[in-house]
Each structure stands twice: as C-alpha cells, then as structure tokens.
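Spelled out, the chains give:
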Amino acid sequence: ANSILSSFGTTIFETMSRLAQAHGAVNLGQGFPEGLEPAEVVAKAAEALTSGPNQYPSMMGTPELRAAIGAHDKRFYGLDLDPMAEVMVTSGATEALASCLFGLIEPGDEVVLIEPLYDSYLPIILRAGGIPKLVRVAPPHWDLPRDQLAAAFSDKTKLIVLNSPTNPAGKVWDADELAFLAGLLEKHDSYAVCDEVYEHLVYDDRRHVPLMSLPGMRERCLKIGSAGKIFSLTGWKVGWVIAAPALLQPVAKAHQYLTFTTPPNLQAAVAFGLGLPDAYYQGLVTLLQARRDLLAAGLERVGFQVLNTGGSYFISADFRPLEFSGSDEEFCRLITEKAGVAAIPVSAFYQTKDVDHFARFCFAKTDSAILEAISRLERYF
Ligand code: PMP
Ligand code: GLN
C-alpha cells in the first residue's frame with residue numbers, strides 16, 4: 001500500500017542493532033549507554049515497584065516528578081516554571097515529540113527542519129499533514145546557513161524542530177545562532193519544538209543553553225527532555241515537555257490519546273534522580289568526555305578522519321581515507337559483518353543521500369567495549 005508511513009521502512013537503529021546481534025558485533029551503532037546507570041536511581045524504581053503506586057497516575061505526570069522537573073530547570077537554566085501548569089510527563093522524548101507535533105500542526109502548516117535530522121521527526125510531521133521545509137547543514141563544521149534558514153520561514157510556518165546538542169552531528173548551537181533563530185520566530189510568529197534530550201551531555205566546559213531561556217522565547221518554545229539520557233536508562237522511556245500553559249494545552253490533547261500516562265514507579269525514580277547533586281551531572285560529563293576522546297583517538301589510529309563532537313553520544317567519522325569507495329550504508333554493513341563493529345550511516349539522517357561517506361559511532365560504552373571495537377577495526381583495515 002502507498003501510505004505516508006509505509007514509505008519509511010524499518011528505522012536504521014533497529015536494523016543495525018539486529019545486524020550487530022546476528023554477527024556478534026560490538027554495537028557502536030544505536031545510541032544507548034553501557035555501564036553508566038546510577039545504582040541509586042535504579043534502586044528507587046525497584047522500591048517503588050514493590051511499594052507502589054502501580055496504577056494510572058495523572059495524565060500530566062505525578063506532581064512529584066513535575067515539581068522535580070521544574071526545580072531542575074530552575075537550577076540549571078534559571079527558568080521559572082509553574083510545574084502544575086507548564087510541565088507534562090511523557091513516555092520518552094519520542095512521545096513528547098509526537099504529542100507536540102500532532103498537537104500543534106494543522107494540515108498545510110509549514111514546518112522548518114534542519115538536516116541531518118533525527119529519524120522520528122519527518123514521518124510524524126507528514127502524518128500530521130505538515131509541509132516540511134528542510135535546511136541542510138553539512139560536515140565537517142555543520143555551520144548554520146543563515147540565509148537558507150531565513151528563506152525557509154514564511155507566513156505559513158507553524159514551527160521549527162530544533163535539536164541541540166544534535167544527533168548525529170554532536171553540534172551544540174551557540175548563543176549567536178540561537179539569537180538569530182529567535183529573531184526568525186518573532187518575525188514569523190512561530191514556535192520551536194526544542195529537542196534537548198542531550199542537554200547534559202555537553203563537553204569541553206561548554207554549557208547547554210535552552211532556546212527557551214532567550215528573551216521573548218518563553219512563550220514560543222516547547223522544551224523536551226529525556227530521563228533516558230540524563231540517567232543512562234534509555235529503556236525506561238520517561239520524558240517530558242515544558243511549555244507555557246496555552247501551548248501545552250493542545251499538546252496534552254494529543255498525549256491523552258497517544259499514551260495517556262507513564263509508569264508511576266519510574267516517575268518516582270526519575271523525580272529522585274533529578275534531585276541528585278551537581279556532582280552527579282558533572283561526573284557523567286567527565287566520564288563521557290573521556291570515552292569520546294578514547295574513541296576519537298582510536299578511530300584516528302585506524303585511519304578515519306574524525307569530526308569534532310561538542311555534545312551527545314556520537315562521533316561522525318569520514319571513512320574515505322580507508323580507501324572504501326562504496327556508500328556509507330555499505331560501509332556500515334561491511335564493518336558490522338566483517339570487522340564485528342556496528343555503526344550508523346549518517347545519510348540515514350538526510351533525505352537526499354549526498355553526504356554518504358560518514359559513519360556515526362556511539363561512545364557511551366565501556367572502555368573495554370571501545371578498545372575491543374578499535375582493535376577489531378585495526379585488524380580489519
Ligand atoms: N531525540 C533525539 C535527538 C534522540 O537522539 C532520541 C533517541 N534517544 C530521542 C529524541 C528519543 O528519546 P527517548 O528515548 O526519550 O524517547
Ligand atoms: N536515539 C538513538 C540513536 O540515535 C536511538 C533511538 C532508537 O533506537 N529509536 O541511536
């Protein structure tokens with residue numbers, strides 16, 4: 001059948017993880033961490049599973065978790081939120097994105113997207129009847145083409161989806177780029193769905209700046225977070241949306257018919273986790289930055305040309321110096337099957353496949369997994 005969703009096939013993350021499993025490969029493909037789960041947060045969930053509650057919580061999330069999210073955003077960004085009116089808990093950032101897009105987009109609305117883009121955005125936007133306006137950023141520097149971004153906005157623009165730090169590029173938009181975008185939102189009276197799942201994974205002493213914290217942006221932004229990334233527990237699927245009450249309302253309408261609610265015991269554990277001291281958050285960055293550097297140095301030894309990563313779990317590496325002349329999909333399949341190391345082709349994040357010589361590697365793994373992957377690649381090439 002010829003439907004919008006059937007044109008998309010199986011997501012690349014599932015495809016590559018299955019292939020990795022079939023070939024016993026070290027999986028540096030799909031972005032999930034290993035060896036970083038905070039034991040005290042997991043213990044809280046276990047306790048809450050036995051003691052309860054285990055019935056439907058409020059569709060907006062438990063008051064306890066909403067308050068913790070408000071306190072978190074006050075602590076890290078100075079945002080003053082009314083958690084009972086401006087925070088909604090969702091089943092992962094994926095559901096937060098779907099609720100925002102289904103809640104806000106009317107058929108015929110234009111939606112600005114920056115490529116490379118995370119794979120769940122486009123199918124949902126199309127299914128909601130939105131008209132995507134794609135702006136490309138390109139390796140190696142992933143600079144924002146301001147003229148093209150400005151040209152993508154029009155009177156019909158409902159919103160932009162802005163991911164920072166970005167998956168897969170690991171780009172952290174700077175204050176200047178955010179201010180430029182804020183100007184466009186005001187000029188065209190439009191909104192930003194801000195996918196900030198990697199908000200705490202920013203390296204080299206930089207800090208994440210939410211677009212919502214810029215002047216005039218409080219009423220224009222929907223800010224999305226994910227406990228999966230903050231606590232290295234991606235299977236939990238606890239996420240949230242923060243937005244002014246009038247913006248959150250239509251999003252809550254979509255959410256109530258998508259998942260309605262999220263397990264209360266996991267919400268209790270995440271509420272506890274968000275209150276951990278600054279040392280927890282700094283410790284996570286220190287560990288991940290060391291792993292980024294370990295993987296980057298190893299890939300360079302193998303012969304890749306490695307791009308800089310300012311945030312996220314990911315490194316993009318150019319494989320042309322290895323004298324492989326096929327596509328990035330072929331390259332990732334080859335190293336998974338023959339070298340025993342899985343990666344994700346960066347072209348999966350573009351509609352037009354002309355950026356086709358980069359592989360994305362996830363460094364949120366144990367040191368021994370990273371070292372094993374490097375030694376397998378060194379043996380193969
Ligand atoms: N947005 C981006 C940019 C991601 O990389 C991911 C994947 N982890 C998500 C959203 C989805 O997050 P969650 O697992 O909380 O649904
Ligand atoms: N966000 C993760 C990645 O980019 C994967 C999430 C998923 O598998 N859907 O690898």
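Please read all numbers here as calculations on a predicted model, not as lab measurements.

1. Brief notes about the domain arrangement of the protein
- Looking at the protein, the domain boundaries give domain 1 (5–30 + 279–380) and domain 2 (41–276).
- Taken over C-alpha atoms, the centre of domain 1 sits 25 Å from the centre of domain 2.
- Listed as interface residues are 29 residues of domain 1 and, on the opposing side, 26 residues of domain 2.
- Those elements that provide at least two residues to the side of domain 1 that touches domain 2 are helix H12 (278–302), strand S10 (314–318) and strand S13 (358–362).
- Looking at the side of domain 1 that touches domain 2 element by element, the count peaks at seven residues for H12.
- Classifying every residue of the side of domain 1 that touches domain 2 by side-chain character gives 19 nonpolar, eight polar and two charged.

2. Observations concerning the site of ligand 2
- The environment of ligand 2 is formed by Thr11, Phe13, Gln30, Gly31 and Asn167.
- Taken together, the residues of the shell around ligand 2 sort by class into one nonpolar, four polar and no charged.

3. A word on the site of ligand 1
- Around ligand 1, the structure places 14 residues, and the nearest of them are Gly92, Ala93, Thr94, Asn167 and Ser226.
- Residues of the shell around ligand 1, tallied by class, amount to three nonpolar, nine polar and two charged.

4. A word on the sheet that holds strand S5 (residues 157–163)
- Within the open sheet, the seven strands sit side by side as S2-S8-S7-S6-S5-S3-S4. Their pairing is mixed. The two strands at the open ends of the sheet, each matched to only one other strand, are strand S2 (87–90) and strand S4 (131–136). Each strand of the sheet is rotated relative to its neighbour by a mean of 20°, with strand direction disregarded.
- The pairing of strand S7 (residues 221–226) with strand S8 (residues 239–242) spans four bridges and is antiparallel. When the bridges of S8 are listed, Ile224 appears paired with Val241.
- Along the sheet, helix H10 (residues 245–258) contacts S2, strand S6 (191–195), S7 and S8; its crossing angle with S2, the most-contacted strand, is approximately 25°.

5. A word on the sheet that holds S10
- As summarised here, the arrangement of the four strands in space is S9-S10-S13-S12, forming an open sheet in which the pairing is antiparallel. Each having just a single partner strand, strand S9 (305–306) and strand S12 (344–345) make up the two edges of the open sheet.
- Of the strand pairs in this sheet, S10 and S13 are connected by five bridges, and their pairing is antiparallel. Following the sheet pairing, Ser316 is matched in S13 by Arg360.

6. A look at helix H11 (residues 264–274)
- With eleven of eleven residues buried, H11 lies mostly within the body of the structure.
- If you check which residues of H11 are buried, you get Pro264, Asn265, Leu266, Gln267, Ala268, Ala269, Val270, Ala271, Phe272, Gly273 and Leu274.
- Residues of H11 that are buried make contact with helix H2 (39–51), helix H3 (63–77), S2 and helix H9 (227–230).

7. Details of the UniProt feature "domain: Aminotransferase class I/classII large" (unreviewed entry) in the protein
- The sites that UniProt annotates as "domain: Aminotransferase class I/classII large" (unreviewed entry) are residues 26–376.
- A helix fraction of 42% and a strand fraction of 16% characterise residues 26–376, whose end C-alpha atoms lie 9 Å from each other.

8. What about the packing of H3 against H11?
- Running from amino to carboxyl end, H3 crosses H11 at an angle of 25°, the nearest separation of the two axes being 9 Å. Relative to H11, the element H3 is oriented roughly parallel. For H3 against H11, the interelement crossing comes out left-handed. Contacts between H3 and H11 involve Glu64, Leu65, Ala68, Ile69 and His72 from the former and Gln267, Ala268, Val270, Ala271 and Leu274 from the latter.
- A breakdown of the residues in the contact of H3 with H11 according to their chemical character gives seven nonpolar, two polar and one charged.

9. Some details on the pairing of S2
- Alternating residues of S2 divide into Val87 and Val89 and Met88 and Thr90, and every residue in both groups is buried.
- Here S2 pairs with S8 via four bridges, running antiparallel. Its bridge partner being in S8, Met88 is matched across the sheet by Val241.

10. Structural notes on unusual backbone geometry
- At the junction of Glu115 and Pro116, the peptide bond is cis and its omega measures out at 0° in the coordinates.
- Take Pro116: it is sitting in the loop between strand S3 (110–115) and helix H6 (121–127).
- Cis geometry marks the peptide bond from Asn167 to Pro168; its omega dihedral reads 10°.
- Its location among the elements puts Pro168 in the loop between S5 and helix H8 (175–187).
- Its identity is not glycine, yet Trp142 carries a phi of approximately 55°, on the positive side.
- Relative to the assigned elements, Trp142 resides in the loop between S4 and helix H7 (146–152).
- Residue Trp142 is classed as buried on the basis of its 20 C-beta neighbours within 10 Å.
- Unlike most non-glycine residues, Ser312 shows phi in positive territory, near 80°.
- With respect to the helices, strands and loops of the structure, Ser312 is situated in the loop between S9 and S10.

Calculation notes
- Residues numbered from 1 in each chain as written.
- Chains lettered and ligands numbered in written order.
- Predicted model: local features only at pLDDT ≥ 70, side-chain atom pairs only at ≥ 80, totals over all residues.
- Domains from an automatic or database assignment.
- Contact = placed C-beta atoms within 7 Å.
- Helix = DSSP H or I, 4+ residues; strand = E, 2+ residues; numbered from the N terminus.
- Nonpolar A, V, L, I, M, F, W, Y, C, P; charged D, E, K, R; others polar.
- Near = placed C-beta within 6 Å.
- Pairing = 2+ DSSP bridges.
- Axes fitted to C-alpha atoms, helices over the stretch in contact; angles between N-to-C directions.
- Buried ≥ 20, exposed ≤ 12 C-beta atoms within 10 Å, placed from the backbone.
- UniProt positions renumbered as here; feature names shortened; annotations may be inferred.
- Parallel < 35°, antiparallel > 145°, perpendicular 65-115°, else oblique.
- Left-handed = near helix turned anticlockwise from the far one by under 90°.

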